[in-house]
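# A look at the structure
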Amino acid sequence: TNHCLTPVGRSLAGDRPAQLQLSSELRLRQALDLLDRRSIDVEDLIALTRDERAICRRPEPPFDYETCGAAIMRPQTGELWACWGIPADNDYQLFRLPVSASA
């Protein structure tokens, strides 16, 4: 979602329309509900980014902005899943990155 959660972040954030703030807060609550389980895997996270109630946003007047991509990272294994554009409309690609022995 698109709002600051920490007091420091909120103190530095610029003003935004109340409608956008409420939308962001609602989407965060919906995302937390979707992830409220013991085990979460990559497919769950991909589904979350595609969920149009929670994260994936399409343009709507008067604020014509949309989700422009998404990424899911698993640093321990060096795996990165990414998609371009609206996640609900596009496939993820898996990238494998080298992992350092000290990581």
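For every chain, the first residue of the written sequence is number 1, and numbering continues from 1 onward in sequence order. It should be noted that, the model being predicted, local features are given only for residues of pLDDT at least 70 and side-chain atom pairs only at 80 or more, the latter also being counted only at that level, while totals for whole chains, interfaces and linings use all residues. Values reported for side chains reflect all heavy atoms of the structure, with hydrogen atoms and water molecules removed beforehand.

The next thing to look at is unusual backbone geometry. In most cases, non-glycine residues show a negative phi, while peptide bonds are predominantly trans. Residue P62 is bonded to the preceding P61 through a cis peptide linkage, with omega at 5°. Secondary-structure assignment places P62 in the loop between α3 (42-50) and β1 (69-74). Strands are runs of DSSP state E lasting at least 2 residues, helices are runs of H or I lasting at least 4, and numbering of each runs from the N terminus.

When DSSP finds at least two bridges between two strands, those strands are taken to pair. By the bridge criterion, six bridges tie β1 to strand β2 (residues 79-84) in an arrangement that is antiparallel. Bridge assignment links A71 to a residue of β2, and that residue is A82. Joining the antiparallel neighbours β1 and β2 is a turn of four residues, in which G78 adopts a positive phi near 75°. Where β2 meets strand β3 (residues 93-96), four bridges bridge the pair, whose relative direction is antiparallel.

Those residues of α3 that fall on the buried side of the exposure criterion are V42, I46, L48 and T49. Down the axis of α3, the buried side of the element spans an arc of 155°, and every buried residue falls inside it. We call two residues in contact when some of their heavy atoms are within 4.5 Å. Lining the buried residues of α3 we find α2 (18-34), β1 and β2. Whenever a nitrogen or oxygen atom comes within 3.5 Å of another N or O atom, the pair is scored as a polar contact, on the condition that within protein one atom can donate a hydrogen and the other can accept it, and that pairs from neighbouring residues in sequence are kept only if both atoms are in side chains. Sitting at the amino-terminal end of α3 is D41, which places a side-chain oxygen 3.1 Å from the backbone nitrogen of E43. Partly exposed residues are those whose accessible area sits between 20% and 50% of the maximum for their type, while under 20% is buried and over 50% is exposed, using a 1.4 Å probe and protein chains only. Think of the arc as the fan of directions from the helix axis to the C-beta atoms.

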